[in-house]
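# Structural overview
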Amino acid sequence: MSDLTVGVIRELYEGPEGANTMPYAPVVQVLSIKKIVSPNGPDRHRLILSDGQCFAQSMLATQLNHLVDGDENAPIRKHSVLRLVQVACNAVQGRRIIICLDVEAVAHPSTKIGTPEDVTKFIEHNPVAGGAPAQAAAVASTTTNASVGAGRGGSNASSTTAAKNVPAAKPAAGARRNGSESVIYPIEGLSPYQNKWTIKARVTVKSDVRHWSNQRGDGKLFSVNLLDETGEIKATGFNEAVDNLYDVFEVGKVYYVSKARVNIAKKQFSNLSNEYEIAFERDTIVELCEDQDAAPQVKYNFVELASLGECPKDSTVDVLGIVKDNGDLSEITAKATNKQIKKRELTIVDRSGYSVRVTLWGRAAETWKDTDNGVFAFKGAKVGDFGGRTLSMGGQSTIAEDPDVEAAHALRGWYDTEGHLNEFTSYNSSMATSGAVTFKKDEFKTLDEVINSGIGMQSEKPEYFATRATITFIKTDNLSYPACPTEKCNKKMTMEDESQWRCEKCNRTYEKPEYRYIVSIAVNDFTNQIWLSGFNEMGLQLFGRTANEMQQLREENEDEFSIVINKALGTMYNFSVKAKADSFNDQVKVRYQLQKAAPVNWVEDAKVLAEQIQAMSV
Ligand SMILES: [Zn+2]
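Residues numbered from 1 in each chain as written. Predicted model: local features only at pLDDT ≥ 70, side-chain atom pairs only at ≥ 80, totals over all residues. Heavy atoms only, no water.

### Regarding the nonpolar core
- The biggest cluster of nonpolar side chains holds 39 residues, and the ones touching the most others in it are Ile 521, Val 523, Leu 532, Phe 543, Met 550, Phe 575 and Tyr 592.
- Sequence-distant contacts of Phe 543, that is, excluding residues within four places in its chain, are made with Ile 474, Leu 479, Tyr 517, Val 519, Met 550, Val 564, Ile 565 and Ala 568.
- Core analysis: the next-biggest nonpolar cluster, separate from the first, contains 31 residues, Leu 190, Ile 199, Ala 235 and Val 257 among them. (Core = buried A, V, L, I, M, F, W, Y, C linked by side-chain atoms within 4.5 Å. Buried < 20%, exposed > 50% of the residue type's maximum accessible area, 1.4 Å probe, protein only. Contact = heavy atoms within 4.5 Å.)

### Examining the side chain of Lys 379
- Take Lys 379: it is sitting in strand S21 (residues 375–384).
- Only 3.3 Å separates the side chain of Lys 379 from the side chain of Asp 318, close enough to count as a polar contact.
- In contact with Lys 379, not counting residues within four places along its chain, are Glu 232, Val 298, Lys 299, Tyr 300, Val 317, Asp 318, Met 393, Gln 396, Ser 397 and Thr 398. (Helix = DSSP H or I, 4+ residues; strand = E, 2+ residues; numbered from the N terminus. Polar contact = N/O pair within 3.5 Å; in protein donor to acceptor, adjacent residues only side chain to side chain.)

### Examining the coordination of the zinc ion
- Around the zinc ion, the donor atoms from the protein are Cys 484 (SG), Cys 489 (SG), Cys 503 (SG) and Cys 506 (SG), and they sit 2.2 to 2.3 Å away.
- Seen from the zinc ion, its 4 donor atoms lie at angles of 106 to 113°, and the figure they make is tetrahedral.
- In primary sequence terms, the donor set of the zinc ion follows C-x4-C-x13-C-x2-C. Taken together, the positions of Cys 489 in the loop between strand S26 (480–483) and strand S27 (494–497) and Cys 506 in the loop between strand S28 (500–503) and strand S29 (508–510) put the pair 17 residues apart, joining distant regions of the chain.
- By relative accessible area, which is 10% here, Cys 489 ends up buried.
- What makes Cys 506 partly exposed here is its relative accessible area of 28%. (Donors = N, O, S within 2.8 Å, 3.2 Å for Na, K, Ca; no water. Tetrahedral: all angles 85-135°; square planar, octahedral: opposite > 155°, others 65-115°.)

### Notes on the confidence of the model for the chain
- Mean pLDDT for the chain: 81, with 84% of residues reaching 70 or above.
- For the chain, per-element mean pLDDT is lowest for helix H4 (residues 157–163), which scores 36, and highest for strand S31 (residues 519–524), which scores 95.
- Note on residues 130–181: pLDDT under 50 across the span, and 73 contacts to partners over four residues away in sequence or across chains.
- Low pLDDT, under 50, characterises residues 429–438; the predicted model gives this stretch 32 contacts beyond four residues in sequence or across chains. (pLDDT = per-residue confidence, 0-100.)

### Notes on helix H9 (residues 536–543)
- Taking burial as the measure, the 8 residues of H9 include 7 buried ones, the bulk of the element.
- All buried positions along H9 are accounted for by Asn 536, Met 538, Gly 539, Leu 540, Gln 541, Leu 542 and Phe 543.

### As for the pairing of strand S32 (residues 529–534)
- With 6 bridges joining them, S31 and S32 adopt antiparallel strand pairing. Counterpart to Ser 520 in the pairing with S32 is Ser 533.
- Between the antiparallel neighbours S31 and S32 lie 4 residues. (Pairing = 2+ DSSP bridges.)

### Thoughts on the sheet that holds S28
- The sheet built from 3 strands is open, its strands ordered S27-S28-S29 with antiparallel pairing. Both edges of this open sheet fall to S27 and S29, since each of them pairs with a single strand only. If you compare each strand with its neighbour and ignore which way they point, the axes differ by 40° on average.
- In the sheet, S28 pairs with S29 via 3 bridges, with the strands oriented antiparallel. For Cys 503, the partnering residue across the bridge sits in S29 and is Arg 508. (Axes fitted to C-alpha atoms, helices over the stretch in contact; angles between N-to-C directions.)

### Section: the packing of helix H10 (residues 547–556) against helix H11 (residues 558–568)
- As a packed pair, H10 and H11 sit with axes 6 Å apart at the nearest point and diverge in direction by 135°. Overall, the two elements H10 and H11 adopt an arrangement that is oblique. Within the contact between the two elements, H10 uses Met 550, Leu 553, Arg 554 and Glu 556 and H11 uses Glu 558, Glu 560, Phe 561, Val 564 and Ile 565.
- Of the residues that constitute the contact of H10 with H11, the class distribution is 5 nonpolar, no polar and 4 charged. (Parallel < 35°, antiparallel > 145°, perpendicular 65-115°, else oblique. Nonpolar A, V, L, I, M, F, W, Y, C, P; charged D, E, K, R; others polar.)

### Thoughts on the environment of Lys 382
- Within the secondary structure, Lys 382 sits in strand S21.
- With 70 residues separating them along the chain, Lys 382 and Pro 312 place their C-alpha atoms 9.7 Å apart.
- In this view, Lys 382 contacts Asp 314, Ser 315, Thr 316, Thr 390, Leu 391 and Ser 392; residues no more than four positions away in its chain are not counted.

### Remarks on the environment of Glu 277
- Summarising the element assignment, Glu 277 is placed in strand S15 (residues 276–279).
- With relative accessibility at 8%, the residue Glu 277 sits in the buried group.
- Beyond its immediate chain neighbours, meaning those up to four positions away, Glu 277 contacts Ile 233, Lys 234, Arg 261, Val 262, Asn 263, Ile 264, Ala 265 and Lys 266.

### What to know about the pattern of salt bridges
- Going through the model one piece at a time under the given rule, you end up with 20 salt bridges.
- With its nearest N and O atoms 2.5 Å apart, the salt bridge here joins Arg 261 to Glu 281. Note that Arg 261 is positioned in strand S14 (residues 261–264) and Glu 281 in the loop between S15 and strand S16 (285–288), a separation of 20 residues in sequence.
- Owing to a relative accessible area of 40%, Arg 261 belongs among the partly exposed residues under this scheme.
- Between Arg 545 and Glu 560 there is a salt bridge, and its shortest N-O distance comes to 3.7 Å. (Salt bridge = Lys/Arg side-chain N within 4 Å of Asp/Glu carboxyl O.)

### Overview of the side chain of Asn 601
- Position of Asn 601 relative to the elements: it lies in the loop between strand S34 (587–599) and helix H12 (602–615).
- Dropping the residues within four chain positions of it, Asn 601 is found in contact with Ala 306, Tyr 354 and Ala 606.

### Structural notes on the packing of aromatic side chains
- For the coordinates displayed, the defined rule picks out 14 aromatic pairs.
- Seen in terms of ring centroids, Phe 222 and Phe 249 are 6.3 Å apart; in terms of plane orientation they differ by 50°. Their pairing is tilted. Pair noted here: Phe 222 is in strand S11 (residues 217–228) and Phe 249 is in the loop between helix H5 (240–245) and strand S13 (254–258), with a separation of 27 residues, a long-range link. For the pair Phe 222 and Phe 249, a shared accessibility class is recorded, and that class is buried.
- Ring geometry for Trp 368 against Phe 376: centres 4.8 Å apart, planes inclined by 45°, an arrangement best described as tilted.
- Residue classification places Trp 368 among the buried positions, given a relative accessible area of 10%. (Phe/Tyr/Trp six-rings, centres within 6.5 Å; stacked < 30°, edge-to-face > 60°.)

If you want it as structure tokens, here you go:
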């Protein structure tokens, strides 16, 4: 029923390397499909394609994976007849591979058509090409329109018919302008195995020109990130390429890029997940695309600020927030280079009720225009854990004001109607604001589990757990101690007289001590009770006052002191606890030391509970 384009496999196999030179869309049959699992990227599929006369190996471009993955009714399956809308040919280790960039399933016969032979054997047996051009041409006549549609415009229509009679045809010049010969490749389809391609992509990030100098010489480089519908890739130009191309690229514009090298990505210098990257070369061609809507706008994968605790340190995230505070421009000296760097710390908030600091550096910090509660998207911000969670904008990060995405409009609407009245939970662990720490769900233990599992008893090393519990008792007799005010000393001092406090370690006296907390609290959950001890930071957090202030209260206003203590009672926290065995009088006992305490995030934690209830299927 299905007519295959007899002869096309040989034609592709013997024709020029590079992207589609077919002036028509040939029809072939899939003889087999093999999935090749790649550890670092998307899986790939190897197809054996037949034209009824010959068969040859082919790879399916990864952007077509969805046509294969799925059930037995997937568009591409064994014996499917496909129209090759766009293909490329590459020599890989002496073998020609046909890469399917765009295909359409035509039919699904149940058996193999004809008795095709391995194309290399067939060529051996039939050294002169030209087995069946007549038949191929017959099919071609019906499919001509589909063919060049993959390119842009296809103005050079006359060359397409002529090409058919010459297997080693010149590339369909109409598909490209200015001498570049390739059709458009998806970014996702790029690999080091393909050297003739053009991509059409939007510049999302453009670095400054960076200079270096070492024993081997001086140099300069810049990089851009390029985005199309299928993915994003980093491209770097060195020296001459900087002179040639740096001024050509403008952030936000769409370009054709061709004649560059595809390398394995150096991921330590990039926030993209692409396993490859592009190196601009001397003859790389970059042309502005006439259709600026042809590539997608920047893609965001926004993370809510409340979820930052689940993002590992040094990972990169996209966040969307209202800028509540523009910070001040300041200057610091970088330790590594001894260079002065400009810095600015914004504070942003979002609907999750959290606020976080975002640090801008260099030109971004200097050129920041103060905004009054503007909506900004921060792409590729790096997660830091200083003071809970912070974000830092690096060379690969971008900021966009009022991005035209639905999430931004929703945030604006929410903030203007109710959000501006909200109190936000800060990630800063300074006093009076709670150190927001998120905990992995699976680390949570009930107090019964903590006690019965003997956590902390097993080894010399401390063990850690998280638990959700309510403070039921606070020891007030030893709430704090008089500490040495010398930085990092913190030793207990002894009073020699009213204004003489001695630190043995520093061997000097001070007028007054710096009180520091040694908190001891009982906490309960529905299973049990344990005692937790904590140091200064915990006291600051539980009482919202310094130990000095509490000491003063106790001495001057015991009622007020009790009120502060009682206010801390009955509050529920997510605690992070260190468990360590201590021996005392030949008795081994586990001491539980408070590491972090975060107020319960009712919304998030209720979701977790709901999941657990659902899992019980009650
Ligand atoms: Zn001291």
